[in-house]
Amino acid sequence: MKTAFCFQHVPFEGPGIFFPCLEKRGFKIKKFLVPSEGLPANIPDLLLIMGGPMSVNDPDPWIAQELEYIRQAIDAAIPVLGVCLGSQLITKALGGEVRPGSRLEIGPAPIALTVEEDTDPVFGTFPPTLEVFQWHSESLTLPPGAILLASSEHFPVQAFRYGERAYGLLFHLELERVGIEDLCRKCSNDVQKAGTSTEALLNSAAKVLPQSHELADRLIAHLTKK
């Protein structure tokens, strides 16, 4: 059985829908709460890097250690998928920059896909515009050598691919209803700052999660194909 490592940075931002997507394809998922548990010694068959309220630019020693691990994983040519903070970690590991964004973006928001099917076998199969669930305030630059997959008005880099199987997503395809409830509870200051409510976020998310989960499954299918 193949193994996927899931790097978490807080207990309430886990793999979500990615977990069953990997399980049904024969993967065993092992989770690491990196800030408190540290990093594994070996490289897995697939690496998931999840979100968190911290910044990749924070001075915590574990961040530098995780950046080095990510570089090694990408050099080993295994599939790597980073979400939100995970995409920021991949960006910085590849020589890109993470900066404060122009706004706090929470809830469903439109992104424009920038590739055709012959450019990306996953994102190229979707409509030119779709709504996805966001929860971030920092912005990415496109890492050197990466391909831009999706953009939006206020965050020019919403998704990118490096090489054949390393993806960074600023948005959350993995979130299920319980995950949004956890975020609203643990990050209530963000909800208040954004001028919204848990009820409003859950109601609006219900309209975008089915398509997000379909895209998540297609992405995992691509990353796990032989």
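Calculation notes
Residues numbered from 1 in each chain as written. Predicted model: local features only at pLDDT ≥ 70, side-chain atom pairs only at ≥ 80, totals over all residues. Heavy atoms only, no water. Helix = DSSP H or I, 4+ residues; strand = E, 2+ residues; numbered from the N terminus. Buried < 20%, exposed > 50% of the residue type's maximum accessible area, 1.4 Å probe, protein only. Contact = heavy atoms within 4.5 Å. Lys, Arg positive; Asp, Glu negative; His and termini not counted. Charge placed at Lys NZ, Arg CZ, Asp CG, Glu CD. Core = buried A, V, L, I, M, F, W, Y, C linked by side-chain atoms within 4.5 Å. Phe/Tyr/Trp six-rings, centres within 6.5 Å; stacked < 30°, edge-to-face > 60°.

Digging into the overall build of the protein chain
- Counting secondary structure elements, the protein chain contains 8 helices and 9 strands.
- Counting every position in the protein chain, which comprises 226 residues, the buried fraction comes to 53%.
- Sequence-distant contacts, at least 24 apart, represent 74% of the contacts inside the protein chain between residues at least 6 apart.
- Of note, the protein chain has its 20 positive side-chain charges centred 4 Å away from the centre of its 27 negative side-chain charges.

Some details on the nonpolar core
- Grouped together as the largest cluster of nonpolar side chains are 34 residues, with contacts concentrated most on Phe-18, Leu-81, Phe-123 and Leu-173.
- For this core, the element with the highest residue contribution is helix α8 (residues 209-224), accounting for 5 residues.
- In this view, Phe-123 contacts Leu-113, Val-115, Leu-149, Ala-159, Tyr-167, Leu-169, Phe-171 and Leu-215; residues no more than four positions away in its chain are not counted.
- Membership of the second largest hydrophobic core comes to 29 residues, among which are Tyr-69, Leu-94, Ala-146 and Phe-155.

Some points on the packing of aromatic side chains
- A full pass over the atoms with the stated rule returns 4 aromatic pairs.
- Geometrically, the ring pair formed by Phe-5 and Phe-32 is edge-to-face, given 5.0 Å between the ring centres and 65° between the ring planes. Residue Phe-5 is found in strand β1 (residues 2-8), and its partner Phe-32 is found in strand β2 (residues 27-33); the two are separated by 27 residues along the sequence. Like Phe-5, the residue Phe-32 is buried in the burial classification.

Any link to function would need more than the numbers given here.
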